[in-house]
Each structure stands twice: as C-alpha cells, then as structure tokens.
Amino acid sequence: MKIYEDEGNRGNSLEKLEKFGSYKADTLERPRSPQQILARYNQAREQYQQLMRAENDNREQRVMLYAEIKALGWCMGREEMKVVREINEPI
C-alpha cells in the first residue's frame, strides 16, 4: 500500500523542513497567562458585539469569534451556559 511506503520518508521530510528553518520540532510556545486569556476573551466579546451590530453579513467571522470565545471561556474554567450568556450581553 502507498501509505506504508511513505512512512519511511517522513523523517527525511522533517529533516528538510528543519534545514530550511521553517519548522522546529523541539520548539515549545509559552502558554498564555490567565490575564492574557481574560484580556483576549473580553476583546473577542467586544469584537463579536461589533460584528452583530454591523449592517453587512459577516457570518464566518462571527462563527470564528464565537468559537474562540467559547474555547477561551473553557480555558478559564467557566461553564458553557455562562459563556453563552456573556457573549450575548452588551458590553
């Protein structure tokens, strides 16, 4: 099968990516602090409210922001229903 034949090349591809500097396998990002999460949560809520008031249809942006707000709320340990209520509250 083709899948099994390509598995041997996976290491070579990783080495090529590292060689060009576009990918570092051992690089770890520092996690966000609780203050950064809360700030981004509030900023995203504000952006969502602005999109809701806009006259043009920007459903894709609203859906993406909604998902980000819910994920950030989950990171902060908030209940889903509370996050949904806060999304719809005017700021």
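All figures in this text were calculated on a predicted structure; none of them were measured in a lab.

Trainee: Would you mind going over the overall build of the protein chain in detail, with residue names and values included?
Mentor: A tally of regular secondary structure across the protein chain gives five helices and zero strands. Sequence separation of 24 or more characterises 53% of the internal contacts of the protein chain that already satisfy a separation of 6 or more. Carbon and sulfur atoms form 52% of the exposed surface of the protein chain, whose accessible area is close to 7,800 Å².

Trainee: Residues and numbers for the packing of aromatic side chains, please.
Mentor: Under the counting rule described, the total for this entry stands at one aromatic pair. Plain terms: the ring middles of Tyr 48 and Tyr 66 are 5.9 Å apart, the flat faces sit at 50° to each other, and that makes the pair tilted. Taken together, the residues Tyr 48 in helix H3 (residues 34-53) and Tyr 66 in helix H4 (residues 59-75) connect sequence positions 18 residues apart. Tyr 66 sits in the partly exposed class, given a relative accessible area of 26%.

Trainee: Can you lay out the side chain of Gln 49 for me, pointing to particular residues and giving the numbers?
Mentor: Of note, Gln 49 is situated in helix H3. Here Glu 89 takes part through its backbone oxygen, which lies 3.3 Å from a polar atom of the side chain of Gln 49.

Trainee: Kindly report on the pattern of salt bridges, identifying the contributing residues and their values.
Mentor: Applying the stated rule across the entire model yields four salt bridges. With a shortest N-O distance of 2.8 Å, Glu 68 and Arg 40 are connected by a salt bridge. Here Glu 68, found in helix H4, pairs with Arg 40, found in helix H3; they are 28 residues apart in sequence, far enough to count as distant. Since its relative accessible area comes to 24%, Glu 68 is described here as partly exposed. Taking the shortest distance from any N to any O, the salt bridge between Glu 80 and Lys 70 comes out at 2.7 Å. Here the residue Glu 80 occupies a position in helix H5 (residues 80-88), and Lys 70 occupies one in helix H4, the gap between them amounting to 10 residues. Judged by its relative accessible area of 27%, Lys 70 is partly exposed.

Trainee: Hey, could you go over the side chain of Arg 45 for me, with residue numbers and the actual values?
Mentor: Note on placement: Arg 45 falls in helix H3. Glu 89 provides the closest opposite charge to the buried, salt-bridge-free Arg 45, at an N-O distance of 4.3 Å.

Here is what the cut-offs are and how they apply
Residues numbered from 1 in each chain as written. Predicted model: local features only at pLDDT ≥ 70, side-chain atom pairs only at ≥ 80, totals over all residues. Heavy atoms only, no water. Helix = DSSP H or I, 4+ residues; strand = E, 2+ residues; numbered from the N terminus. Contact = heavy atoms within 4.5 Å. Areas by Shrake-Rupley, 256 points an atom, 1.4 Å probe, with all protein chains shown as cover. Phe/Tyr/Trp six-rings, centres within 6.5 Å; stacked < 30°, edge-to-face > 60°. Buried < 20%, exposed > 50% of the residue type's maximum accessible area, 1.4 Å probe, protein only. Polar contact = N/O pair within 3.5 Å; in protein donor to acceptor, adjacent residues only side chain to side chain. Salt bridge = Lys/Arg side-chain N within 4 Å of Asp/Glu carboxyl O. Lys, Arg positive; Asp, Glu negative; His and termini not counted.

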